[in-house]
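Structural description and commentary
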Number of protein chains: 2
Amino acid sequence: MQTVTYQEAQLLHSQCCQAISDPTRICIVYALNECERNVTELAEYLQTPQSTVSRHLKELLNRGMVHSRRDGPAVIYSLTDDRIIQALDTMRAVLADLLRTRAQWVDIVS
Amino acid sequence: MQTVTYQEAQLLHSQCCQAISDPTRICIVYALNECERNVTELAEYLQTPQSTVSRHLKELLNRGMVHSRRDGPAVIYSLTDDRIIQALDTMRAVLADLLRTRAQWVDIVS
DNA sequence: TCCATGTTTCCGGCTACCCGGATACATGGA
DNA sequence: TCCATGTATCCGGGTAGCCGGAAACATGGA
């Protein structure tokens, strides 16, 4: 059984978090939580260039955050694990409370 | 009441996630979850240069992830919100399952 | 086999992030 | 007021990340 050092585990942990720390990737993850979509659909939905979306999906795939499957010429992506949304929502709640205590900008975030 | 656009909210969300996406900052957050500590204590505990720790703490403070209070010449830091740990643990669980399905490196992470 | 559709990769370039030693700054006691 | 302790900032420099147009690559139907 191969093992990793504590530092390597920490690095993997941070890479998972980094995967969902980019604004575009956050949008992609939430979009895939609604329903699975292919690259073009995501690009249109997010109003983002297709190459950009594809690049981010590659990152998410490498980190294991999403699955992909072919459907003819299209590639359909879907979320690997619901807990990714759970983690994002948790941080969003933390943020909402932060803003609340600072008494500003509450409406959109919460 | 001042509001933010959807894009700005997304950006804030990503900044919160980014705050806990650096390996060193993850270590700091977990260390502060055990007990509050000052900069020097953290630096020694994490075997990391004091200036580096201080810089990361500033980031975490700016993002509202930690509190600080003075105790004489020292500045003591503590976690703002337990849910930060919750989110980190969630992502760690996702990672652990990922590695499990890939059948390697399981022991340390889980 | 040729083409339409959809995807990935390449490219040049810019920005943001991270590092750690050294220096400057704050605090409270002698 | 001077000093010891602890903290924050400065600095130079390296690295990683992000961008979007363009070109190359897959796929399945005509």
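Scoring rules and cut-offs
- All residue numbers here refer to positions counted from 1 along the written sequence of the relevant chain.
- The order in which chains are written sets their letters, starting at A; the order in which ligands are written sets their numbers, starting at 1.
- Predicted model: local features are reported for residues with pLDDT of at least 70 only, side-chain atom pairs are reported and counted for 80 or more only, and whole-chain, interface and lining totals are derived from all residues.
- The basis for the side-chain values is all heavy atoms of the structure; hydrogens and waters are excluded.
- Helix and strand definitions follow DSSP, with helices as H or I runs of at least four residues and strands as E runs of at least two, each counted in order from the N terminus.
- Exposed residues in this analysis have more than 50% of their type's maximum accessible area, buried residues have under 20%, and partly exposed residues fall in between, with area computed by a 1.4 Å probe over protein chains only.
- The contact criterion used throughout is that any non-hydrogen atoms of two residues lie within 4.5 Å.
- Method for areas: the Shrake-Rupley scheme with a 1.4 Å probe, in which residue coverage is limited to the protein chains shown.
- Working convention for charge: Lys and Arg count positive, Asp and Glu count negative, and His plus the chain ends are omitted.
- Working definition for charges: the position is that of NZ of Lys, CZ of Arg, CG of Asp or CD of Glu.
- To line up the copies, we fit them by least squares on C-alpha atoms, keeping just the residues with pLDDT of at least 70 in both.
- A carboxyl oxygen of Asp or Glu within 4 Å of a side-chain nitrogen of Lys or Arg is what we treat as a salt bridge.
- Nearness is judged by heavy atoms alone; a residue qualifies as near a molecule or strand once a single heavy atom is within 4 Å of it.
- Here a polar contact means two N or O atoms within 3.5 Å. Within protein one must be a hydrogen donor candidate and the other an acceptor candidate, and residues neighboring in sequence count only if both atoms are side-chain atoms.
- Amino acid classes used here: Ala, Val, Leu, Ile, Met, Phe, Trp, Tyr, Cys and Pro are nonpolar; Asp, Glu, Lys and Arg are charged; the rest, including Gly, are polar.
- Following DSSP output, two strands are said to pair if at least two bridges run between them.
- Only the stretch in contact is used when fitting a helix axis, every axis being a line fitted to C-alpha atoms; angles between N-to-C directions are given from 0 to 180 degrees.
- By convention, a stacked pair of Phe, Tyr or Trp rings (six-membered ring in the case of Trp) has centres within 6.5 Å and planes under 30 degrees apart, an edge-to-face pair has planes over 60 apart, and any other such pair is tilted.
- Counting as a charge over the ring demands two things of the Lys NZ or Arg CZ atom: a distance within 6 Å of the ring centre and an angle within 35 degrees of the ring normal.

Scanning chain A from N- to C-terminus turns up six helices and three strands. Going from N to C terminus, chain A has its helices and strands arranged as α-α-β-α-α-β-β-α-α. With respect to the three principal axes, the spread of C-alpha positions in chain A is 50 × 45 × 20 Å. Counting the 110 residues in chain A, one finds 47% classified as buried. The contacts in chain A between residues at least 6 apart in sequence include a share of 46% that link residues at least 24 apart. As presented, chain A carries roughly 5700 Å² of accessible surface, and 48% of it is formed by carbon and sulfur atoms. Considering chain A, the positive charge centre built from 11 side chains and the negative charge centre built from 13 side chains are found 4 Å apart.

Attention shifts here to the environment of V53 of chain B. Residue and element names in this part refer to chain B. Examined against the element boundaries, V53 turns out to sit in helix α4 (residues 50-62). Separated by 36 residues in sequence, V53 and D89 have C-alpha atoms that sit 22 Å apart. Among all residues touching V53, those that are not within four sequence positions of it are I28, V39, L42, A43 and T48.

When chain A is fitted to chain B, the residual RMSD is 0.0 Å, and the transformation amounts to a turn of 180° plus an axial shift of 0.0 Å. Seen this way, the second copy is the image of the first under a two-fold rotation axis. Among all residues of chain A, the one whose C-alpha sits closest to the rotation axis is A87 of chain A, at a distance of 2.3 Å. Of the interface residues in chain A, 100% have counterparts in chain B that sit at the interface too, so the contact is made through matching surfaces.

Now for the interface of chain A and chain B. At the junction of the two partners, chain A supplies 47 residues and chain B supplies 47 residues. Summed over the shared surface of chain A and chain B, the number is two salt bridges. Between D97 of chain B and R83 of chain A there is a salt bridge, with the nearest N and O atoms lying 2.8 Å from each other. When residues of the side of chain A that touches chain B are traced back to their parent elements, those giving at least two are α1 (6-19), α2 (23-34), α5 (82-101) and α6 (106-109) of chain A. If one sorts the elements of the side of chain A that touches chain B by residue count, α5 of chain A sits on top with 14 residues.

What follows concerns unusual backbone geometry. The residue Q47 of chain A is not glycine, and still its phi comes out positive at about 55°. When you line up the elements, Q47 of chain A lands in the loop between α3 (39-46) and α4 (50-62).

Turning our attention to the protein's contact with DNA strand C. Around DNA strand C lies a shell of 22 residues, among which T40, Q50 and Y77 of chain A together with R55 and H56 of chain B are the nearest. S51 of chain B is positioned with one of its side-chain polar atoms (N or O) 3.3 Å from a base oxygen of DNA strand C. Contacts to DNA strand C include T52 of chain B, whose side-chain N or O atom sits 2.9 Å from a phosphate oxygen. Where the surface near DNA strand C is concerned, the elements lending two or more residues are α3, α4 and β3 (74-79) of chain A together with α2 (23-34) and α4 of chain B. Per-class residue counts for the surface near DNA strand C are seven nonpolar, 10 polar and five charged.

Here we take up the protein's contact with DNA strand D. Taken together, 22 residues lie near DNA strand D, and R25, T52 and H56 of chain A together with T40 and Y77 of chain B sit nearest. A share of 67% is what sugar and phosphate atoms reach among the atoms of DNA strand D within 4 Å of the protein. Here a phosphate oxygen of DNA strand D and a side-chain polar atom of D22 of chain A are 3.3 Å apart. Within the contact set of DNA strand D, a phosphate oxygen lies 2.7 Å away from a side-chain nitrogen or oxygen of Y77 of chain B. Elements supplying a minimum of two residues to the surface near DNA strand D: α2 and α4 of chain A together with α3 (39-46), α4 and β3 (74-79) of chain B. Classifying every residue of the surface near DNA strand D gives seven nonpolar, 10 polar and five charged.

The next subject is the sheet that holds strand β2 (residues 66-71) of chain B. All names here are of chain B. Strands sit in the order β1-β3-β2 across an open sheet of three strands; the sheet is antiparallel. Only two strands of the sheet have a single neighbouring strand rather than two, namely β1 (37-38) and β2. Relative to β3, β1 runs antiparallel, the two being bridged by two bridges. If you follow N38 over to β3, its bridge partner there is I76. Across the sheet, α4 touches β2 and β3, and the angle it forms with β2 is around 120°.

Each pair of aromatic rings is reported with the distance of its centres and the angle of its planes. Inspection of the entire model under this criterion finds zero aromatic pairs over all chains. The ring of Y45 of chain A has R37 of chain A lying over it, and the distance from NZ or CZ to the ring centre is 4.0 Å.

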